[in-house]
Amino acid sequence: MTEEALALYVVPTPLGHLGDITQRAIEILRQVPWVAAEDTRHSGPLLRHYGCNARLLAAHQHNEEDAAQQVVARLAAGESVALVVDAGTPGISDPGARLVARVRAAGYRVVPLPGPCAAVVALSAGGLGEAQFLFYGFLPSKAGARSEALRQLTHLPWTLVFYEAPHRIVETVAALAEAFGPERTLVIARELTKLFESIHSCPLGEAGDWLLADDNRQRGEFVLLLSGAPPVDDRAEGARVLKLLLDEGLPVSQASRLAHLITGAGKKALYQQALRLKG
Ligand code: SAM
């Protein structure tokens, strides 16, 4: 590699289908002398498949600081490194963030390559049609922590994106239904880019039964997309809050001003409504 190209390259790899890798990613993997891999036994055969003969060093969740030092040492020796994880994009519910930060702090370039990411693949075919989304990744595995995490998400108007493993999918979908109610739309995207890929969309209240109806539906890797909280009707909410404030004995002007500030409903309309309610 030329001196100008000295860098840590962040290289996404396929989620399942071996054809899902970019030309540029293959070129980088063939050029670099080192690849830092989440699991060297897993990535070794994959890299050889693409004609990459680089030496491997381990960079997983439990040795990321140590791996970062090794990567910085390689860069200091003038050797570029590519970072890969088992599948998809490094740093997305996977190791990578700390290593990238250390390398940049040491003054070396970090070059990201675009490529497969399960969340983005699911969103592209989920059909929920909302412009904004929030990537959450894996929910906590313990029931208490999970329901607390979900409680903080219930009012958000954006599509929520979760990752889930097969042994927890039924439990997690039940927890979602409990936290968000039956009406929202859930997209269950399973085994994306693989032989048994399926993308199923249904009301959240029906999702548990759908999963239980066939054991195969609980197998593989999952992305869950949940439609956001429906928009609150400002006027209805304004009227509700206004009535509460008047019932508490607040004067008309103060109650209508507060109802406007709390709900965003029109100030003037609230004031007139308050006058009417007060007779
Ligand atoms: N870094 C990866 C990415 O860019 O998407 C994610 C890695 S995370 C450790 C693994 C999780 O990603 C799986 O449990 C699953 O939720 C999701 N995932 C990965 N591959 C998938 C696939 N082919 N279909 C559906 N979900 C997948």
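Residues numbered from 1 in each chain as written. Predicted model: local features only at pLDDT ≥ 70, side-chain atom pairs only at ≥ 80, totals over all residues. Heavy atoms only, no water.

### Points about the packing of helix α9 (residues 234–247) against helix α11 (residues 267–277)
(1) Moving on: Closest axis-to-axis distance for the α9/α11 pair is 11 Å, and the angle between their directions is 50 degrees. Taken together, the axes of α9 and α11 lie oblique to each other. The handedness of the crossing between α9 and α11 comes out as right-handed. Contact residues: Gly 238, Ala 239, Leu 242 and Leu 246 in α9; Leu 270, Gln 273, Ala 274 and Leu 277 in α11.
(2) Moving on: Grouping the amino acids of the contact of α9 with α11 by side-chain chemistry returns 6 nonpolar, 2 polar and no charged. (Axes fitted to C-alpha atoms, helices over the stretch in contact; angles between N-to-C directions. Helix = DSSP H or I, 4+ residues; strand = E, 2+ residues; numbered from the N terminus. Parallel < 35°, antiparallel > 145°, perpendicular 65-115°, else oblique. Left-handed = near helix turned anticlockwise from the far one by under 90°. Contact = heavy atoms within 4.5 Å. Nonpolar A, V, L, I, M, F, W, Y, C, P; charged D, E, K, R; others polar.)

### Concerning the side chain of Glu 164
(1) Moving on: Residue placement: Glu 164 occurs in strand β7 (residues 159–164).
(2) Moving on: Within the local environment of Glu 164, its side chain forms a polar contact with the side chain of Thr 172, the two groups lying 2.8 Å apart.
(3) Moving on: Residues in contact with Glu 164, not counting those within four places in the same chain, are Phe 138, Ile 169, Thr 172, Glu 221, Phe 222 and Leu 224. (Polar contact = N/O pair within 3.5 Å; in protein donor to acceptor, adjacent residues only side chain to side chain.)

### Things to note about the sheet that holds strand β3 (residues 55–58)
(1) Moving on: Strand order across the open sheet formed by 5 strands is β3-β2-β4-β1-β5, with parallel pairing between neighbours. The two strands at the open ends of the sheet, each matched to only one other strand, are β3 and β5 (110–112). Between one strand axis and the next, the sheet turns through 25 degrees on average, direction left out of account.
(2) Moving on: Across 4 bridges, strand β2 (residues 34–37) lies against strand β4 (residues 81–84) in parallel orientation. Its bridge partner being in β4, Ala 37 is matched across the sheet by Val 84.
(3) Moving on: Across the sheet, helix α1 (residues 23–31) lies against β1 (8–10), β2, β4 and β5, angled at about 125 degrees from β4, the strand it touches most.
(4) Moving on: Of the strands in this sheet, β2, β3 and β4 touch helix α2 (residues 40–49), which is tilted by about 155 degrees from β3. (Pairing = 2+ DSSP bridges.)

### A look at the packing of aromatic side chains
(1) Moving on: A complete count under the given rule lists 3 aromatic pairs for this structure.
(2) Moving on: Consider the rings of Phe 138 and Tyr 163, whose centres lie 5.8 Å apart with planes at 70 degrees: the pair is edge-to-face. With a gap of 25 residues between them, Phe 138 in strand β6 (residues 133–138) and Tyr 163 in strand β7 connect regions that are remote in the sequence.
(3) Moving on: Residue classification places Tyr 163 among the buried positions, given a relative accessible area of 10%.
(4) Moving on: Site record: aromatic cluster; members linked through ring pairs are Phe 135, Phe 138 and Tyr 163. (Phe/Tyr/Trp six-rings, centres within 6.5 Å; stacked < 30°, edge-to-face > 60°. Buried < 20%, exposed > 50% of the residue type's maximum accessible area, 1.4 Å probe, protein only.)

### What to know about the packing of helix α10 (residues 252–263) against α11
(1) Moving on: Two elements in contact, α10 and α11, have axes whose closest approach is 9 Å; the angle formed by their N-to-C orientations is 140 degrees. Looking at the two axes, α10 sits oblique to α11. By crossing handedness, the relation of α10 to α11 is classed as right-handed. Residues Val 252, Ser 253, Ser 256, Arg 257, Ala 259 and His 260 of α10 lie in contact with α11, whose contacting residues are Lys 267, Leu 270, Tyr 271, Ala 274 and Leu 275.
(2) Moving on: Counted by class, the contact of α10 with α11 contains 6 nonpolar, 3 polar and 2 charged residues.

### Some points on the site of the ligand
(1) Moving on: Around the ligand sit 19 residues, and of these Ile 92, Ala 118, Tyr 163, Leu 192 and Phe 222 come closest.
(2) Moving on: For the ligand, an oxygen atom lies 2.8 Å from a polar atom in the backbone of Ala 118.
(3) Moving on: One nitrogen or oxygen atom from the side chain of Glu 221 is found 3.4 Å from a nitrogen atom belonging to the ligand.
(4) Moving on: The protein chains hide 91% of the 570 Å² of surface that the ligand would expose on its own.
(5) Moving on: Taken together, the elements giving at least two residues each to the shell around the ligand come down to β7 and β10 (222–226). (Near = heavy atom within 4 Å. Areas by Shrake-Rupley, 256 points an atom, 1.4 Å probe, with all protein chains shown as cover.)

### Quick notes on the pattern of salt bridges
(1) Moving on: Across all of its chains, the model carries 11 salt bridges by this definition.
(2) Moving on: The partner of Arg 146 in a salt bridge is Glu 171, and the shortest N-O contact between them spans 3.1 Å. Of this pair, Arg 146 sits in helix α6 (residues 143–151) while Glu 171 is found in helix α7 (residues 169–180), placing the two residues 25 residues apart along the sequence.
(3) Moving on: When its relative accessible area of 6% is taken as the criterion, Arg 146 is described as buried.
(4) Moving on: Using a relative accessible area of 37% as the deciding quantity, one classes Glu 171 as partly exposed.
(5) Moving on: A salt bridge links Glu 191 to Lys 194; the shortest N-O distance between them is 3.5 Å.
(6) Moving on: Among the residues examined, Lys 194 registers a relative accessible area of 28% and is labelled partly exposed. (Salt bridge = Lys/Arg side-chain N within 4 Å of Asp/Glu carboxyl O.)

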